[in-house]
Structures are given as structure tokens and as C-alpha cells.
Amino acid sequence: DQQVKQNSPSLSVQEGRISILNCDYTNSMFDYFLWYKKYPAEGPTFLISISSIKDKNEDGRFTVFLNKSAKHLSLHIVPSQPGDSAVYFCAASEGFMDSNYQLIWGAGTKLIIKP
Amino acid sequence: DAGVTQSPTHLIKTRGQHVTLRCSPISGHKSVSWYQQVLGQGPQFIFQYYEKEERGRGNFPDRFSARQFPNYSSELNVNALLLGDSALYLCASSVGLAVTYEQYFGPGTRLTVT
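Residues numbered from 1 in each chain as written. Chains lettered and ligands numbered in written order. Predicted model: local features only at pLDDT ≥ 70, side-chain atom pairs only at ≥ 80, totals over all residues. Heavy atoms only, no water.

**Observations regarding the sheet that holds strand β1 (residues 4–5) of chain A**
Strand pairing in a sheet is mediated by backbone hydrogen bonds. Such pairs are either parallel or antiparallel.
Residues and elements named next belong to chain A.
Stage number 1. If you trace the five strands from one edge of the open sheet to the other, you get β1-β3-β8-β7-β6, paired in antiparallel fashion. With partners counted over all chains shown, the strands left at the sheet margins are β1 and β6 (56–59), one partner each.
Stage number 2. Inspection of the sheet shows β6 paired to strand β7 (residues 62–67) by four bridges, in the antiparallel sense. In the strand pairing of β7, glutamate 58 is matched with threonine 63. (Pairing = 2+ DSSP bridges. Helix = DSSP H or I, 4+ residues; strand = E, 2+ residues; numbered from the N terminus.)

**A short note on the sheet that holds strand β8 (residues 74–78) of chain B**
Residue and element names in this part refer to chain B.
Stage number 1. Taken in spatial order, the four strands of this open sheet run β1-β3-β8-β7, and their pairing is antiparallel. Across the chains shown, the open sheet's two edge strands, defined by having one partner strand only, are β1 (5–7) and β7 (64–68). With direction set aside, neighbouring strand axes in the sheet form an average angle of 15°.
Stage number 2. Of the pairings in the sheet, the one linking β1 to strand β3 (residues 19–24) comprises three bridges and is antiparallel in character. Paired with serine 7 across the two strands is arginine 22, which belongs to β3. (Axes fitted to C-alpha atoms, helices over the stretch in contact; angles between N-to-C directions.)

**As for the side chain of threonine 109 of chain A**
Residues and elements named next belong to chain A.
Stage number 1. Positionally, threonine 109 belongs in strand β11 (residues 109–114).
Stage number 2. Accessibility expressed as a relative area gives 3% for threonine 109, which makes it buried.
Stage number 3. What threonine 109 contacts, discounting residues up to four positions off in sequence, is Gln6, Ser8, Pro9, Ser10, Leu11, Leu21, Ala86, Val87 and Tyr88. (Buried < 20%, exposed > 50% of the residue type's maximum accessible area, 1.4 Å probe, protein only. Contact = heavy atoms within 4.5 Å.)

**What to know about the interface of chain B and chain A**
Stage number 1. Taken residue by residue, the interface counts 26 residues in chain B and 21 residues in chain A.
Stage number 2. Summed over both sides, the interface between chain B and chain A buries roughly 1,800 Å², with carbon and sulfur atoms accounting for 60% of that surface.
Stage number 3. Counting the contacts that link chain B with chain A gives zero salt bridges.
Stage number 4. Inspection of the chain B/chain A interface yields zero residue pairs in polar contact (both at pLDDT 80 or more).
Stage number 5. Of all the secondary structure elements, the ones that give two or more residues to the side of chain B that touches chain A are β4 (31–37), β5 (44–50), β6 (53–57) and β9 (87–94) of chain B.
Stage number 6. A breakdown of the residues in the side of chain B that touches chain A according to their chemical character gives eleven nonpolar, twelve polar and three charged. (Buried area = accessible area lost by both parts, 1.4 Å probe. Salt bridge = Lys/Arg side-chain N within 4 Å of Asp/Glu carboxyl O. Polar contact = N/O pair within 3.5 Å; in protein donor to acceptor, adjacent residues only side chain to side chain. Nonpolar A, V, L, I, M, F, W, Y, C, P; charged D, E, K, R; others polar.)

**A word on the state of the cysteines**
Stage number 1. Inspection of the entire model under this criterion finds two disulfides over all chains.
Stage number 2. Across the disulfide from cysteine 23 of chain A sits cysteine 90 of chain A; the S-S distance is 2.1 Å. Across the S-S bond of cysteine 23 of chain A and cysteine 90 of chain A the torsion is about -70°, and the bridge reads as left-handed. Taken together, the residues cysteine 23 of chain A in strand β3 (residues 19–25) and cysteine 90 of chain A in strand β9 (residues 86–94) connect sequence positions 67 residues apart.
Stage number 3. Residue class for cysteine 23 of chain A comes out buried when judged on its relative accessible area of 0%.
Stage number 4. Across the disulfide, cysteine 23 of chain B is cross-linked to cysteine 91 of chain B (sulfur-sulfur distance 1.8 Å). Torsion about the S-S bond of the cysteine 23 of chain B and cysteine 91 of chain B cystine: about -60°, corresponding to left-handed handedness. Placement of cysteine 23 of chain B in strand β3 and of cysteine 91 of chain B in strand β9 is noted, with a sequence separation of 68 residues between them. (Disulfide = S-S within 2.5 Å.)

In C-alpha cells, the structure reads:
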């Protein structure tokens, strides 16, 4: 039972354009969402997060949008740069104000930025 | 400052054997979490330890166990290895328990069970 789904295994985007990575979830109790980036032979690196009380969070070139009614979130990267080529994971958690670090992760989307 | 370190980097074991994986968190971090990442999937939560106590456990059999030491380093132990235990094992550390604290990952230990 996949509670967090990233339906696109890969995505190819031209350098300078917008990259949009999507994530769907099924558990309505999730209230905190995170995006991580992973390069080969390295551990995941935290990118950006959003709590369920917001519908948008922005950090530089990265913006995460949350649509609670659709149980959908997306990560926008503008403009895309070659260093953004990596695998991106969406993760979710219940009860973010509690002492709980049980993240549920999607399978990841491999983003390829073409020069 | 040193990041999260894990040892060994790679490991090959035979079915039925036991394995111990080690993790050193970032200095000052009291929480350590362990994840299993099977090829083609996202990380799956195994354990979280905070101040030497188990504070969370994922859906893994009792063959998996862990502990945290007074210096906050941690060990993950897996008994009676199965072929399906072949995976990348990731350790992450954070300052506190809540998910709002940023989690820092080590590079992982690649375990192959033959």
C-alpha cells in the first residue's frame, strides 16, 4: 500500500526552464511534507518542506505547492540548472508537532537537466 | 564540521548470517534514524533513537534491532539475513525528535546478501 506516490520515474527538462515534480498521497492524516534531493553515492539532502496549514512555501529557486483537497503536492524549480540533475524524493509525516519522525517516502523521480 | 558517517561502505554477507552497521551522527545531534532503501524505491523507516531510547519503529521484523550509545552513535543489527535484506541502509541524524528538525543523511551502507 503506497501512501506516497511519485508517478513519474524520470523527467527531462531544458536548462533554464521550469521543472515540475509531482507527488500524490492517500493518507489524509499526513500534515507535513518534505522534498529531498539525492545524488549518486550520497545520502538524501533536505530541500524544502511545507505543513498542511500552508498551500505554498518558497525558498530561492524552489517552491512547493500543496493541494490538500486533491492530496497532491508539487515542487517547482525555476530556472532549472545542470546541478539540479538528481533523484527527488517526496516524503510525508503525520503529527508534525509531535515527537514523530516516521517519514513515508515516495519512490523518487530522476530529474535530468539538459544543457 | 564532519557530516553523518557510516561504516562500512559496502558489505557482502551470506544468507543466515548476522550484520552490524554503524553510524556516527553530527556533533550535537541526539536523534538517529535508520532507513532501508531497496533499489528503485524510496527509503523505508526502520528505527528512530533519541537519547539512547527507541522512539519509533517501522514495519520491520524482529530480526532488525538497533541501539544508541552514550556518545549518540548507533548500531543497526540484522540477524538471519535474507536475500531480500539486500539494500542501501541509510542513517540520518537530527537535533531533536520532531519531523520539523532537519534530518541529515549519511552516504549509506550497501549490503548485498548472497
